[in-house]
Amino acid sequence: MAEVVVVRGGQAERVVEQVRAAHPDVVVATADDAEALRAATVATGRLTDAEVAAMPHLAWVHSWAAGVESDVGPALRRRATGPDDRPGVQGEVTVTSSAGNGAIPLAEQALMLMLMLSREALRWGEAQRAHRWERFTHDELSGRTVGVYGYGNVGRELAVRARAFGMRVVGLRRRPAEPGDPVDRMLPPEAVDELAAVSDFLVVAAPLTDQTAGAIGLRTLRALGPEGHLVVVSRGGIVREADLVSAVRDGVIAGAGLDAHATEPLPADSPVWDLPRTVVTPHNGATTTATADRGTAIFLDNLDRWLARRPLRNVVDVGRLP
């Protein structure tokens, strides 16, 4: 049976052209082609439950996102899990992600938020709007410690940049530090409170899984302390929002820089908007042309692998999703 690839997403037309050029024997179409959708063996982007149910030949889905939890609905989850113990290939459908595509801009976003918090940049913004010349003593990043909760692609890129600013870097992940990791220390997942206690900036860069969902609450924020800042650039659901709101309001922590939120879009009546000493951005840190290009490159490489029957990159263990 011929491979039928259905492409959806912001660069769909461009990706279709690239697939046709590289693999003329593959049938490739965009998601508005109903016939191709029914025959698809491979699909990209977010599929509805009805679409998954109508795709009996589907064998591989690639998400353009690094974190796929919002792209894997109940129907796809059922078909991607089963009795086989191999991660991501337990059932009849393999799911892959674009993990790593936004690591560079998210590291830059985290660093920007750290700089804004360190220098109390919101005060400059308020003074500018009021046409008020207001000088004050602020902090600097050099000599401070950044703790990276979820030291993966984003964490490594952030560590390189933080070290260039003269910062100490402490990471947290399941695997120990490896030669070449630009960290001063690596902690295991259960040491999140210890990570917070040694950090001036606690940066959340982990994926949202059944283990990380709600992992950072008031106890960890208390360990971070009244001089510490929380920065979230991966998934807001890792932090218990009610605990974060009370921690900032009550001075348990110094402030926060939030690009990812528990509910997105952030509701207009959310108390997060009005938190003092807090910078809010609309999960926009990785929205760059280069991020999209890197995601396309990951998919095209995986398609080469798929057609050659070689192992895929970024296979997702769907069973660990929240």
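Anything mentioned here points back to the structure above.
Keep in mind the model is a prediction, meaning the values are calculated, not measured.

Structural notes on the overall build of the protein
1) Next: Along the backbone of the protein there are eleven helices and twelve strands.
2) Next: Projected onto its principal axes, the C-alpha coordinates of the protein cover approximately 70 × 45 × 35 Å.
3) Next: By the burial criterion, 49% of the 322 residues in the protein qualify as buried.
4) Next: At a minimum sequence separation of 6, the contacts of the protein that also span at least 24 residues come to 64%.
5) Next: Total accessible area on the protein is roughly 15300 Å²; 52% of this is exposed by carbon and sulfur atoms.
6) Next: If you average the places of the 35 positive and of the 41 negative side-chain charges in the protein, the two averages end up 3 Å apart.

Here's the deal with the packing of helix 1 (residues 12-22) against helix 11 (residues 289-307)
When two helices pack together, their arrangement is captured by the angle between the axes and the distance separating the axes.
1) Next: As a packed pair, helix 1 and helix 11 sit with axes 11 Å apart at the nearest point and diverge in direction by 35 degrees. Considering only the axes of helix 1 and helix 11, their crossing is right-handed. Each of Arg-14, Val-15, Gln-18 and Val-19 in helix 1 lies in contact with helix 11, whose residues at this interface are Asp-293, Thr-296, Phe-299, Leu-300 and Leu-303.
2) Next: Along the lines of polarity and charge, the residues of the contact of helix 1 with helix 11 split into five nonpolar, two polar and two charged.

Quick word on the nonpolar core
1) Next: If you look at the biggest cluster of nonpolar residues, it comprises 30 residues, and the most contacted ones within it are Tyr-149, Leu-202, Val-204, Ile-216, Leu-230, Leu-244 and Ile-253.
2) Next: Breaking this core down by element, the ones donating at least two residues are strand 7 (168-172), helix 8 (192-197), strand 9 (201-204), helix 9 (218-224), strand 10 (229-232), helix 10 (241-249) and strand 11 (255-258).
3) Next: No other element matches the four residues that helix 10 contributes to this core.
4) Next: For Leu-230, the residues in contact, after removing those within four places along its chain, are Leu-117, Leu-202, Val-204, Leu-221, Leu-224, Val-239, Leu-244, Ile-253, Gly-255, Ala-256 and Gly-257.

Some remarks on the sheet that holds strand 10
1) Next: Here we have seven strands laid out as an open sheet, ordered 8-7-6-9-10-11-12, and parallel in their pairing. Every interior strand has two partners, whereas the edge strands, strand 8 (185-187) and strand 12 (278-280), have only one. Averaged over all pairs of adjacent strands, the angle between their axes in this sheet comes to 15 degrees, without regard to strand direction.
2) Next: Two elements, strand 7 and strand 8, share three bridges in a ladder whose sense is parallel.

A few points about the pairing of strand 9
1) Next: Residues of strand 9 alternate between two faces, with Phe-201 and Val-203 on one and Leu-202 and Val-204 on the opposite face, all of them buried.
2) Next: The pairing of strand 9 with strand 10 spans four bridges and is parallel. Bridge assignment links Phe-201 to a residue of strand 10, and that residue is His-229.
3) Next: This β-α-β element, strand 9 to helix 9 to strand 10, shows right-handed connectivity.

What about the sheet that holds strand 5 (residues 94-96)?
1) Next: With parallel pairing, five strands are arranged side by side in an open sheet as 2-1-3-4-5. Taken across any chain shown, the strands that pair with only one partner, and hence form the sheet edges, are strand 2 (27-30) and strand 5. Shown here is a sheet whose adjacent strand axes are inclined to one another by a mean of 15 degrees, direction ignored.
2) Next: This element, helix 1, spans strand 1 (4-7) and strand 2 of the sheet and lies at about 175 degrees to strand 2.

Description of helix 11
1) Next: The end-to-end C-alpha separation of helix 11 is 27 Å, in line with the 27 Å expected for 19 residues at 1.5 Å each.
2) Next: Three or more residues of helix 11 are buried, namely Thr-291, Gly-295, Thr-296, Ile-298, Phe-299, Leu-300, Asn-302, Leu-303 and Trp-306.
3) Next: Elements that come into contact with the buried residues of helix 11 comprise strand 1, helix 1, strand 3 (42-44), strand 4 (60-62), strand 5 and helix 5 (103-118).
4) Next: Where helix 11 terminates, the next one or two residues include Arg-309, which has phi positive at roughly 60 degrees.

Let's talk about the environment of Ser-98
1) Next: You can see Ser-98 is positioned in the loop between strand 5 and helix 5.
2) Next: When its relative accessible area of 0% is taken as the criterion, Ser-98 is described as buried.
3) Next: Sequence separation between Ser-98 and Met-167 is 69 residues; the distance between their C-alpha atoms is 29 Å.

A few points about the packing of aromatic side chains
1) Next: The final tally for this structure, using the stated rule, is four aromatic pairs.
2) Next: Here the aromatic rings of Trp-64 and Phe-299 are separated by 5.6 Å at their centres, their planes lie at 70 degrees, and the arrangement is edge-to-face. A residue pair is termed long-range when its members are at least 10 positions apart, and Trp-64 in the loop between strand 4 and helix 4 (74-80) and Phe-299 in helix 11 qualify at 235 residues.
3) Next: Site record: aromatic cluster; members linked through ring pairs are Trp-60, Trp-64, Phe-299 and Trp-306.
4) Next: Over the aromatic face of Phe-136 sits the side chain of Arg-123, whose NZ or CZ is 3.9 Å from the ring centroid.

The rules we used
Position numbers for residues start from 1 in each chain and track the written sequence from start to end. Totals for whole chains, interfaces and linings use all residues, but because this is a predicted model, local features are given only for residues with pLDDT of at least 70 and pairs of side-chain atoms are given and counted only at 80 or more. The side-chain values count all of the structure's non-hydrogen atoms but skip hydrogen atoms and water molecules. Per the convention used, a helix needs a DSSP run of H or I reaching at least four residues, while a strand needs a run of E reaching at least two, with both numbered from the N terminus. Only protein chains enter the accessibility calculation, which uses a 1.4 Å probe; a residue whose area is less than 20% of its type maximum is buried, one above 50% is exposed, and one in between is partly exposed. Between two residues, a contact is recorded if the distance between any of their heavy atoms is within 4.5 Å. Residue-level accessible areas treat just the shown protein chains as cover; the underlying method is Shrake-Rupley with a 1.4 Å probe. His is not counted, nor are the chain ends, whereas Lys and Arg count as positive and Asp and Glu as negative. Every charge is mapped to an atom, namely NZ of Lys, CZ of Arg, CG of Asp or CD of Glu. Fitted lines through C-alpha atoms serve as axes, helices being fitted only where they are in contact, and the angles separating the N-to-C directions of these axes extend from 0 to 180 degrees. Should the near helix be turned anticlockwise from the far one by less than a right angle, the crossing is termed left-handed; should it be turned clockwise, right-handed. Three residue categories are used. Nonpolar comprises Ala, Val, Leu, Ile, Met, Phe, Trp, Tyr, Cys and Pro, charged comprises Asp, Glu, Lys and Arg, and polar comprises the others, including Gly. Nonpolar core, defined: a set of buried Ala, Val, Leu, Ile, Met, Phe, Trp, Tyr and Cys residues in which side-chain atoms within 4.5 Å join the residues together. When DSSP finds at least two bridges between two strands, those strands are taken to pair. Think of it like this: strands point away, you trace from the first strand over the helix to the second, and a clockwise trace means the crossover is right-handed. To estimate how far a helix should reach, multiply one less than its number of residues by 1.5 Å. Each pair of aromatic rings taken from Phe, Tyr and Trp, with Trp reduced to its six-membered ring, is defined by centres within 6.5 Å and is described as stacked if the planes are under 30 degrees apart, edge-to-face if over 60, and tilted in the remaining cases. Two conditions define a charge sitting above a ring: the NZ of Lys or the CZ of Arg must be within 6 Å of the ring centre, and it must be within 35 degrees of the ring normal.

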